[in-house]
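Structure at a glance
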Amino acid sequence: MKDRKRIFSGIKPTGDLTLGSYIGAIKNWVDLQNDFMCLYCIVDMHSITIRNDPEVLHRRIREQLAQYIAAGLDYKKNIVYIQSHVHQHAELSWILGCYSMMGELNRMTQFKDMQKKHPQNLNAGIYTYPVLMAADILLFDTDVVPVGEDQKQHVELARNIAQRFNGIYGNIFTMPEPFIPKVGARVRSLTDPTSKMSKSDDDTQGSIFIMDSPDVIVKKFKRAKTDSDSLIKFDPENKPGVSNLMDIYSAAAGKSYDEIESEFVGKGYGDFKTRVAEAVIEKLRPIREKSLELLKDEETLVSIYRDGAERASEMAEKTLVKVTDAIGFLRK
Ligand code: TRP
């Protein structure tokens, strides 16, 4: 029996983590740790549907682990690990693929987008990506999956696969629910506030990376896109640039929109941007410094991810045995 409800979530190491990854995901993950048993994963297997430079991928996986820990994910009370270290992900993924219909995979909007955007590397991994994600979630009897709006459809697919499997074999999988945090759900690009702040955007000026130095952060905010008047007012539709900066400031300094508006009455964008940059620098400073420290301490890093993988694997194996027994495979 579970004593606490379970959370599973992951970020793929396809780019350096940004302020958006922190505010939109990791910060919420930290808050959820009080009420749930949480598994927080570095989903490296999901990252290879696009081509990565092996050295860069290697660096990013280590760095992402250090950043998870530095940001406050409690690897003792919970489980922090690297997906490819737990072989049950790949095994369950194959099995679930046989219970996923091509029709439903064809309907995934992320797949349809990729089909349009990257027709030259439309590998089968892009197509079966949501099946691997379903395996991630279903391996651990997950109750709640915190994700961005863009991943909701994938969690719904996981539910459909679970339902189909349970319909045939009885109650094997727990039904997961997507959870889309409202606070900081969408930090946008500083150069194009109509699109999300992305860790894999070619234009690195639009994103603040957790490892950016204070100098770089100041420069990026100075160049951030604002609007034609000089009013600091929350109005995402007509003033997407300023509203995005207000969202960031609100998350970094813990202030409401009203408080921010009154703070900057009669002041211009210059003052405002300087304050936002300062707040972000202070918010990220401890995470960046602790990450750099951890990255120098190979022994600690290795012991964290080995311990995480061992405990995750033990849990995952229980599910996999239930599944393979149900299907009729012979135990080894
Ligand atoms: N596909 C998710 C994303 O791009 C990452 C992910 C992989 C994930 N497996 C997961 C998220 C399981 C939640 C649960 O953001």
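Residues numbered from 1 in each chain as written. Predicted model: local features only at pLDDT ≥ 70, side-chain atom pairs only at ≥ 80, totals over all residues. Heavy atoms only, no water.

On to the nonpolar core. Ile26, Tyr68, Ile208, Phe221, Phe272, Val280 and Leu284 are the most contacted members of the largest nonpolar core, which totals 57 residues. Considering every element that reaches this core, the biggest residue donor is helix H11 (residues 269-295), with 11 residues. Taken together, domain 1 (6-180 + 297-327) and domain 2 (212-292) each give at least three residues to this core, which thus spans both. Contacts of leucine 284, omitting those with residues within four sequence positions, involve Leu19, Tyr22, Ile208, Phe209, Ile210 and Ile217. Counting residues in each nonpolar core, the second largest holds 42 residues, with Leu92, Phe111, Met133 and Leu320 among its members. (Core = buried A, V, L, I, M, F, W, Y, C linked by side-chain atoms within 4.5 Å. Buried < 20%, exposed > 50% of the residue type's maximum accessible area, 1.4 Å probe, protein only. Helix = DSSP H or I, 4+ residues; strand = E, 2+ residues; numbered from the N terminus. Domains from an automatic or database assignment. Contact = heavy atoms within 4.5 Å.)

According to the domain assignment, the protein chain consists of domain 1 (6-180 + 297-327) and domain 2 (212-292). Taking the mean C-alpha position of each, domain 1 and domain 2 sit 32 Å from one another. Across the boundary between the two partners, domain 1 contributes nine residues, which contact eight residues of domain 2. A per-residue breakdown of the area domain 1 buries against domain 2 is headed by Leu19, Tyr22 and Ala70, which together make up 56% of the total. Counting across the interface, domain 1 meets domain 2 through zero salt bridges. Between the two partners, domain 1 and domain 2, sit zero residue pairs in polar contact (both at pLDDT 80 or more). Those elements that place two or more of their residues in the side of domain 1 that touches domain 2 are helix H1 (19-32) and helix H2 (54-70). Here the side of domain 1 that touches domain 2 is built from residues that sort into seven nonpolar, one polar and one charged. (Buried area = accessible area lost by both parts, 1.4 Å probe. Salt bridge = Lys/Arg side-chain N within 4 Å of Asp/Glu carboxyl O. Polar contact = N/O pair within 3.5 Å; in protein donor to acceptor, adjacent residues only side chain to side chain. Nonpolar A, V, L, I, M, F, W, Y, C, P; charged D, E, K, R; others polar.)

Before going further, it helps to examine the packing of aromatic side chains. Enumeration over the complete set of coordinates arrives at 13 aromatic pairs. Ring centres of tryptophan 29 and tyrosine 40 lie 4.5 Å apart, and the angle between their planes is 0°; this geometry places the pair in the stacked category. Within this pair, whereas tryptophan 29 is found in helix H1, its partner tyrosine 40 is found in strand S2 (residues 37-42), the two being separated by 11 residues in sequence. Under the relative-accessibility criterion, tryptophan 29 is labelled buried at 2%. Ring geometry for tyrosine 99 versus tyrosine 169: centroids 6.0 Å apart, planes at 70°, classification edge-to-face. Of this pair, tyrosine 99 sits in the loop between helix H3 (88-97) and helix H4 (102-106) while tyrosine 169 sits in helix H7 (residues 152-169), and the two are 70 residues apart along the sequence. Clustering of aromatic rings is evident, with ring pairs tying together Tyr99, Phe165, Tyr169 and Phe173. (Phe/Tyr/Trp six-rings, centres within 6.5 Å; stacked < 30°, edge-to-face > 60°.)

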